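This is what each chain is made of:
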Amino acid sequence: MELKNFDKEKYLKVTTGAASLREEIEKCADEISKRKFKNIFLIGSGGSIAILQPFEYMINSTSKIPAFAEIASEFILQNHKQLGEDSIVILSSLSGTTKETVAAAEYCKEKGATMIGLVGEHGTPLAELVDFAIANYAENDFAADSINIQMYILVFRLMYNNHEFPDYNEFIDELQNVPYVLLTVKEEAETKAEAFAEKYKDENYHMLVGAGTAWGRTYAYAMCVLEEMQWIPTKSIHAAEFFHGTMEIVEEDTSVIILKSEDETRPLADRVERFAEQYTNKLTIFDTKDYELKGISPQYRKYLAPLVLATALQRVSIHLEDKRGHSLDRRRYYRTVSY
């Protein structure tokens, strides 16, 4: 199937490039594991912190290593008492220049923490500040794919070295083929993505709901795509919190989009779905269960929700851009004016 506005060659360059960093990332994780550390901090801003949030969930539900996903600018002001010389800090910034993330790196350096930076290229401010810089070429369109793949290797290797997640090698072996698995997801999502864009091209408000490993993508798609790239007011709502206020503004013409994963929090999304089915005529569900993921063992599917959902929603973005005549690159304020 030919996909609209999709550069397959560039996509595979980015994603296979990230997967090919396995040996480098494992050496980095192994070196860090030789040092005694007590916790892991995941720090970023905007889309970058959204990419890292599911890994906080994965670590805290799989490992005894405490993990904290923190928004860079707030983190600097908070004076987090868990941060110290025995902390690992993973920072993400595609450009390596995000000022809040660079400032957070400077702050962590002063505290003596060991830092790993995931960037698009070496030589950038963030790459120069961290102890270990891992670089893979990417642009905004496939940055989430690149960072996610690197994070699976890094985070699960750290847990494996902590005598947790013994299936690490099998999982990461399967991950090597994930770029091609995700190509199939794009094809499987294409018809639904175009239909959604056609139906909702003039919609002026969406509710986006998710939980667990789907929450980061929920937050990112609402803010970084629908709002930033399409200027559509959108609210990201955690499925566990939906019934504590937001449900009151659901009407029959309210667009509710639920992102569902296959992890332990799926019942939370199911509950929202049951409610939305009764009270709105505009319910859309993107569910990782709808995709085959050939070659991925059933027990690992729940971890791949951020990648699978991002892949399907990338196709929605392309079709929204087309149907609405609004470029995904168009900005009024972001990195355009002083703020």
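Worth saying up front: this structure is predicted, and the values here are computed from it rather than measured.

Draft legend 1. Local environment of the sheet that holds strand S8 (residues 255–260). The strand order across the open sheet built from 4 strands is S7-S6-S8-S9, with neighbouring strands paired in parallel fashion. Only two strands of the sheet have a single partner each, and these edge strands are strand S7 (234–238) and strand S9 (282–287). Sheet twist, expressed as the average angle between the axes of neighbouring strands with direction ignored, equals 20°. Here 4 bridges tie strand S6 (residues 206–210) to S8, and the two strands are oriented parallel to one another. Bridged to Leu 208 within S8 is Ile 257.

Draft legend 2. Looking closely at the packing of helix H2 (residues 22–34) against helix H7 (residues 143–161). Here H2 crosses H7 at 35°, and the two axes come no closer than 9 Å. Relative to H7, H2 is oriented so that their crossing is right-handed. Side by side, H2 and H7 meet where Arg 22, Ile 25, Glu 26, Ala 29, Asp 30, Ile 32 and Ser 33 of the first sit next to Gln 150, Ile 153, Leu 154, Arg 157, Leu 158 and Asn 161 of the second. By residue class, the composition of the contact of H2 with H7 is 6 nonpolar, 3 polar and 4 charged.

Draft legend 3. Main features of helix H5 (residues 99–111). Between the first and last C-alpha of H5 there are 19 Å, a value that for 13 residues agrees with the 18 Å anticipated at 1.5 Å per step. Listing the buried residues of H5 in full gives Thr 101, Val 102, Ala 104, Ala 105, Tyr 107 and Cys 108. In this structure, the buried side of H5 is in contact with strand S1 (39–44), helix H4 (72–78), strand S3 (87–93), strand S4 (114–119) and helix H6 (125–129). Downstream of H5 by one or two residues, Gly 112 has phi in the positive range, about 85°.

Draft legend 4. Layout of a nonpolar patch on the surface. Together, Tyr 333, Tyr 334, Val 337 and Tyr 339 make up an exposed nonpolar region whose accessible area comes to about 470 Å². Tracing the backbone shows Tyr 334 in the segment after helix H12 (305–324). Tyr 334 sits in the partly exposed class, given a relative accessible area of 41%.

Draft legend 5. Quick peek at the sheet that holds S1. An order of S2-S1-S3-S4-S5 is seen for the 5 strands of this open sheet, with the pairing classed as parallel. Unpaired on one side and paired on the other, strand S2 (67–71) and strand S5 (132–135) mark the two borders of the sheet. Each strand of the sheet is rotated relative to its neighbour by a mean of 20°, with strand direction disregarded. Sheet topology places S3 next to S4; 6 bridges connect them, and they run parallel. What sits directly across from Ser 93, in S4, is Val 119. Seen against the sheet, H2 touches S3, S4 and S5 and runs at an angle of roughly 160° to S5.

The rules we used
Residues numbered from 1 in each chain as written. Predicted model: local features only at pLDDT ≥ 70, side-chain atom pairs only at ≥ 80, totals over all residues. Heavy atoms only, no water. Pairing = 2+ DSSP bridges. Helix = DSSP H or I, 4+ residues; strand = E, 2+ residues; numbered from the N terminus. Axes fitted to C-alpha atoms, helices over the stretch in contact; angles between N-to-C directions. Left-handed = near helix turned anticlockwise from the far one by under 90°. Contact = heavy atoms within 4.5 Å. Nonpolar A, V, L, I, M, F, W, Y, C, P; charged D, E, K, R; others polar. Expected span 1.5 Å × (residues − 1). Buried < 20%, exposed > 50% of the residue type's maximum accessible area, 1.4 Å probe, protein only. Patch = residues over 30% accessible without salt bridge, like charges linked within 9 Å, V, L, I, M, F, W, Y side chains within 5 Å. Areas by Shrake-Rupley, 256 points an atom, 1.4 Å probe, with all protein chains shown as cover. Salt bridge = Lys/Arg side-chain N within 4 Å of Asp/Glu carboxyl O.

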